[in-house]
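# Secondary and tertiary structure notes
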Amino acid sequence: MKGMTVGYTGLHIEYDADVHVSAALRSHGYYVIAVAEGAACDAVATGRGNCDFGDYTLFCMAPVAMASALVGTVAMPRTLRMLVAFNPTLLACVPHECDAPDYTFFGYSPHEALHMSVAEYGIMSGCVGDIVGELPHENDSYKGAILARHVIRILDYAQRFYDRQFAMREEECKAAVGLYLDSMDGYIASGRMASEGVPSVGECAAVVGMSEAYFSDMLLFVTGRTHECLMTERRIEAARRMLATRCVSVRSVAEHLAFGSEAYFRYIYKKITGRSPEQSAADA
C-alpha cells in the first residue's frame, strides 16, 4: 500500500513512506505515528541511546507550523515501515473519550523514540490492519467512530509500550532523577532562587538532556510526583534547615526560597510539615 491515502477525512495510512511525508502531514495539522525497522542505535540517536529492542522504533510526532522546519533537522530513518497520521477532528467522532494532546509522548524528542519488540510491532500492525479493514465499508453513521476508536487503541498501546520502556530503564531513570535533584539542591543552596526564581520544568529537563514531556513523564514514573511538587518539597526542606539556625526571620526565608509572600510560605510550610515555621524553629 505504498503511497496509499485512505478514503476517510482526517486519516492517512502509508507503508514504506518517505520521512518527508510525515513532515508534510504534520504541517497540515496531523499527528503522526510512524514505525521504522531496527533500533538504528548507530545511525540514529533514538530511544535515548539505549536499545531495549533492536527490531523496530516508534516515533510519535505532533503537528508543526511548517514542514520546512523539519527537513534535514530531525534524526530519523529516511524510510518509515508504517505510518499512521490523523487529524484531531477524527477523534471528535468519539467525544469525551480521547484528546490527542493528552498523550504526552507526542512531545518527546526523536532521540526519545520507543524501541519496540517484534511482538509489540505485531500488535501495532494489527491495529492498523483493523483500520484498513474498516475503510471499504460504506460511510455510515458508525464508520467515523469505529476508525477513531482504532486510532485510540494505537495511542493506548503506544502509552503502554512507553511505560514498559520506563520500567526496563528504571535504573537509568533513577540516575537521571538523582542528577536533577542534586542540581536543584545546589541551585537552592546557591541563593539564586531569590533573584532568578524557581527553575521551570523545561530548564530542569535540559539539565538531564531530555525533552520537557519525556522528563515530566519519567519523573512521575520514578517518584510519583511532578517537578512542581518535588521543588516545593525541596524548598520546604531547605526552609526547615534555615529556620533551625534561629538566625533568620520567616519573611527572609520566604524571600530566599521564592515563595512569593510570607503568608503563602506559611500556608505551604504548615501543609507539608504540619507545624508553623515558628514551631519548627522552636524545636531546633
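Anyway, here's the lowdown on the structure attached to this text. Just so we're clear, the structure is a prediction, and the values are computed from it rather than from any experiment.

Moving on to the overall build of the protein. Broken down by element type, the protein carries 12 helices and 5 strands. A buried classification covers 44% of the 284 residues belonging to the protein.

Here we come to the packing of aromatic side chains. Going through the model one piece at a time under the given rule, you end up with 16 aromatic pairs. Ring centres 6.3 Å apart and planes at 65° place the aromatic pair phenylalanine 86 and phenylalanine 106 in the edge-to-face group. Of this pair, phenylalanine 86 sits in strand 4 (residues 79–86) while phenylalanine 106 sits in the loop between helix 2 (88–91) and strand 5 (114–116), and the two are 20 residues apart along the sequence. In terms of burial, phenylalanine 86 and phenylalanine 106 fall into one category: buried. Through a chain of ring-to-ring contacts, the aromatic side chains of Tyr31, Phe86, Tyr103, Phe105, Phe106, Tyr108, Tyr162, Phe166, Tyr214 and Phe221 assemble into a single cluster. Its guanidinium or amino end placed over the ring of phenylalanine 259, arginine 235 lies 4.0 Å from that ring's centre, counting from NZ or CZ.

Turning to helix 5 (residues 170–190), a few remarks are in order. Between its terminal C-alpha atoms helix 5 stretches 30 Å, which fits the 30 Å expected from 21 residues at 1.5 Å a residue. Restricting attention to buried positions, one finds in helix 5 the residues Cys173, Ala176, Val177, Tyr180, Leu181, Met184, Tyr187 and Ile188. When helix 5 is viewed along its axis, its buried side chains cluster within an angular range of 135° and face the same direction. Away from its buried face, by an angle of more than 90 degrees, helix 5 presents the exposed residues Glu171, Ala175, Asp182 and Ala189. On its buried side, helix 5 packs onto helix 4 (143–168), helix 6 (193–196), helix 7 (201–207), helix 8 (212–223), helix 9 (227–244) and helix 10 (250–256). At the C-terminal side of helix 5, glycine 191 shows a positive phi close to 85°.

Take the sheet that holds strand 3 (residues 56–61) next. Strands sit in the order 1-4-2-3-5 across an open sheet of 5 strands; the sheet is antiparallel. Both edges of this open sheet fall to strand 1 (11–18) and strand 5, since each of them pairs with a single strand only. Ignoring strand direction, the axes of neighbouring strands in this sheet form an average angle of 20°. Packed on one face of the sheet, helix 3 (residues 118–134) meets strand 1, strand 2 (31–37), strand 3, strand 4 and strand 5 and runs near 50° to strand 4. Across the face of the sheet, helix 4 comes into contact with strand 1, strand 2, strand 3, strand 4 and strand 5 while running at roughly 95° to strand 5.

Let us now look at the environment of glutamine 165. With respect to the element layout, glutamine 165 can be found in helix 4. Along the sequence, glutamine 165 and histidine 115 sit 50 residues apart, while their C-alpha atoms lie 7.9 Å from each other. Side-chain polar atoms of glutamine 165 contact the backbone nitrogen of histidine 115, separated by 3.2 Å.

The rules behind these values
Residues numbered from 1 in each chain as written. Predicted model: local features only at pLDDT ≥ 70, side-chain atom pairs only at ≥ 80, totals over all residues. Heavy atoms only, no water. Helix = DSSP H or I, 4+ residues; strand = E, 2+ residues; numbered from the N terminus. Buried < 20%, exposed > 50% of the residue type's maximum accessible area, 1.4 Å probe, protein only. Phe/Tyr/Trp six-rings, centres within 6.5 Å; stacked < 30°, edge-to-face > 60°. Lys NZ or Arg CZ within 6 Å of the ring centre and 35° of its normal. Expected span 1.5 Å × (residues − 1). Arc of directions from axis to C-beta. Contact = heavy atoms within 4.5 Å. Pairing = 2+ DSSP bridges. Axes fitted to C-alpha atoms, helices over the stretch in contact; angles between N-to-C directions. Polar contact = N/O pair within 3.5 Å; in protein donor to acceptor, adjacent residues only side chain to side chain.

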